[in-house]
Amino acid sequence: MNYQDLATIIVENIGGKENIKSLTHCATRLRFVLKDDKKPSEKVLKNTTGIMGVVNKGGQYQVIIGSDVGNVYKEINQAFHLSEDSSETEEKDDRSKIAKVIDTITGIFTPILPAITAAGMLKAVLSLLVVFNVLSIEGQSYQILNFMADAAFYFLPVLLAASSAIKFKTNMYLAIMVGGILLHPNFVNMVTTATETGGSISLFGLPITAVSYSSSVIPIILAVWFMSYVEPIADRVSPKVIKFFSKPLITIFVVGIVTLVALGPLGYLISSGISAAITALESVSPWIVPLLIGTLTPLFVATGTHYGLVPIGINNRMTTGFDTVIYPGMLASNVSQGAAAIGVGVKSKDSAIKQLAFSAGLTGLFGITEPALYGVNLRFKTPLYAAMIGGGVGGLFMGIMRVRNFSGGSPGLLTLPSYIGDNTLRYFISACIGAGISIVITFIATLILYRDTVEVEEETKELEQELAKDKTVNINGAQIVAPIKGQLKSLKMVDDGMFSEEILGQGVAIQPEEGKVVSPVDGVVSALFDSKHAIGITSDDGLEILIHVGIDTVQLNGEGYEYHVEKGQKITVGDELITFDLDRIQEKGYKVITPVVITNSQEVGDILTANEGAIDFGAQVIRIMS
């Protein structure tokens, strides 16, 4: 793959550099925020080699590349010099509130996922070493590795402060300072003392709730969001000569106090409330959420809304130490996506599809599902249904077994060690079994549901051949009589190339003298139109006939026309089909010459037509000779 050429094609067909407000990427997708999301040439993008799909959801225009996304992103930046915010002026954001929320969540959590994943996997390895007695929890080696892994979790507010500052367009370093305020050892000691002694903490008489913010998620996001409003105000009120130090001073003084007094406790309550709600739901029916997540995650991923679930899983781990609903369900779903793609690869006879399906399927099993989802499962539909079935069953099993995820990561086979914790292999084993159930059920369902394109094409070809044979039966000698009284004309007299050049088929034309159309054959009504200006008939002999009353009369939207039959109705020669107001149509400026054509002319023999001149109802106008 030539990444430079692909980068150029993407930017050109997304509306050009001038249409791009910002660009980021995740594991498989380029995530554009565009000034006008109507400009991209979506069809061109989807048909470009190297692009697996396009999604316009959540305020982002997402181009799915797969595992090569980093290389394409690099080439775009090098060629077009895009930063993560390429917009020079503030423009009106007319996206829906839901789209804005999803875009914000994605922008905040996507950049910090590598740090959380690294810490989580280190935790998993550490638990594994303890389970197999390689390390003792009392030893220094364990303790050092443990605080190394804990660092990303403990200082999560600092990581979120940085990514939130970028998203909310405020000073990153001041945001990090706010995170540091929440985690400062002196404040932590004050909280510990107040908790143990029942004392209180106050600032200028304002009460500060004694809660710990290590590993918290929501408090710092609220704080940085608030700071994005305070900082511009501080900029406006600060005299120019002292703005360098007065602006940050005012910002930190206001944001720090409001965060400690109000926003921090509020975020803590929200986090605790979410955790308590999930715990309550789990105590009643622990299988419901993992079942739904396992079943519906492909749809969430397809719309880009799955990032709204990630913070819930992170919050669960930060507040209770583990997640039992989001990540177990996503594990079942992701491996099912991979299994479905592999099932397609096994069953397909097309070498290109096999190669794509096996590659995408393997990636899906490891936790990156977009190549499988967009390249295979959504494309063929039935593998998607199979994945949803398998993911639902696997999620149900893990919900019943109350499988715990301790450290996150991209849900897949490679992150199964993240289910090792509490110094036991119980949850790891259950997670492995749940993933296995999802894979097996999805694979079998795919083999049953998926119809290979090669087989379908062969069957279609055979069917068409059979239908072609059937259509030639009893055609010889078939005749069509005049459905209209008037003057018989050649089709070449019709002022419409579709008829005069016999593109729609051979036949005749009649200049009507009376506003009535009757059946020219014995057969069945095969097509009616909302505008009532035409009718399709299939004769008992196999002729497919179109009677089109007037030229461009579809624009009348049925005015002046009336049907007297229904689609599928059996008809015989002379049955009344349509009546029309001849004078009214002509007064509207439309020609009423009526083509009568055999639309399957290529499937019949020679078509003989009567000579031009006066014609009455029932007179023979066409005869077929084989």
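Residues numbered from 1 in each chain as written. Predicted model: local features only at pLDDT ≥ 70, side-chain atom pairs only at ≥ 80, totals over all residues. Heavy atoms only, no water.

What follows deals with the packing of aromatic side chains. In this structure the tally under the stated criterion is 7 aromatic pairs. Between phenylalanine 380 and tyrosine 450 the ring centres are 5.5 Å apart and the planes differ by 70°, which places this aromatic pair in the edge-to-face class. Of the two residues, phenylalanine 380 is situated in helix α16 (residues 370–380) and tyrosine 450 in the loop between α18 (426–449) and α19 (453–471); the sequence distance between them amounts to 70 residues. On the accessibility criterion, phenylalanine 380 (15% relative accessible area) is buried. Since its relative accessible area comes to 1%, tyrosine 450 is described here as buried. Three or more aromatic residues link up through ring pairs in this structure, and these residues are Phe322, Phe406 and Tyr427. The aromatic ring of phenylalanine 322 is capped on one face by arginine 404, whose charged end is 3.9 Å from the ring centroid. Sitting over the ring of phenylalanine 617, lysine 516 keeps its end group 5.2 Å from the ring centre. (Phe/Tyr/Trp six-rings, centres within 6.5 Å; stacked < 30°, edge-to-face > 60°. Helix = DSSP H or I, 4+ residues; strand = E, 2+ residues; numbered from the N terminus. Buried < 20%, exposed > 50% of the residue type's maximum accessible area, 1.4 Å probe, protein only. Lys NZ or Arg CZ within 6 Å of the ring centre and 35° of its normal.)

A separate point is the packing of helix α14 (residues 326–347) against helix α15 (residues 351–365). Following both chains from N to C, one finds α14 and α15 inclined at 160°, their axes separated by 7 Å at the closest point. With respect to their mutual orientation, α14 and α15 come out roughly antiparallel. Considering only the axes of α14 and α15, their crossing is left-handed. Each of Asn334, Val335, Gly338, Ala339, Ala341, Ile342, Val344, Gly345 and Val346 in α14 lies in contact with α15, whose residues at this interface are Ile353, Lys354, Ala357, Phe358, Ala360, Gly361, Leu362, Gly364 and Leu365. Here the residues of the contact of α14 with α15 are counted per class, giving 12 nonpolar, 5 polar and 1 charged. (Axes fitted to C-alpha atoms, helices over the stretch in contact; angles between N-to-C directions. Parallel < 35°, antiparallel > 145°, perpendicular 65-115°, else oblique. Left-handed = near helix turned anticlockwise from the far one by under 90°. Contact = heavy atoms within 4.5 Å. Nonpolar A, V, L, I, M, F, W, Y, C, P; charged D, E, K, R; others polar.)

Moving on, we get to the pairing of strand β13 (residues 544–548). Counting buried positions over the 5 residues of β13 gives 4, a clear majority of the element. What sits between strand β12 (residues 534–539) and β13 in their antiparallel hairpin is a turn of 4 residues, with glycine 542 showing a positive phi close to 100°. Pairing between β13 and strand β17 (residues 594–598): 3 bridges, direction antiparallel. Among the inter-strand pairings, isoleucine 547 is bridged to a residue of β17, identified as valine 596. (Pairing = 2+ DSSP bridges.)

Before going further, it helps to examine the sheet that holds β12. Here 8 strands make up an open sheet; going across it, the order is β15-β11-β12-β13-β17-β9-β8-β19 and the pairing antiparallel. Pairing within the sheet leaves two strands with one partner each, and these edge strands are β15 (570–571) and β19 (613–615).

Positioned with a positive phi, lysine 381 is a non-glycine residue whose angle comes to about 65°. Located in the positive-phi region is lysine 532, a residue other than glycine, with phi close to 60°. Tracing the backbone through its elements, the reader meets lysine 532 in the loop between β11 (523–528) and β12.

Spatial ordering of the open sheet is given by β10-β16-β14, a layout of 3 strands whose pairing is antiparallel. Single-partner strands in this sheet number two, and they are β10 (516–518) and β14 (561–563). Adjacent strand axes in the sheet meet at a mean angle of 15° when their direction is disregarded. As defined by bridge partners, β10 adjoins strand β16 (residues 576–580) across 3 bridges and the pair is classed as antiparallel. Considered in β16, the bridge of valine 518 is made with glutamate 576.

Below, the discussion takes up the side chain of asparagine 146. Examined against the element boundaries, asparagine 146 turns out to sit in helix α6 (residues 140–154). Setting aside anything within four residues of it in sequence, one finds asparagine 146 in contact with Lys123 and Leu126.

Taken together, the buried positions of helix α1 (residues 3–13) are Leu6, Ala7, Ile10, Val11 and Asn13. Looking at the buried positions of α1, the neighbouring elements they touch are β1 (20–25), β2 (29–34), α2 (42–46), β4 (60–64) and α3 (69–80). Glycine 15, located one to two residues past α1, shows a positive phi value of around 110°.

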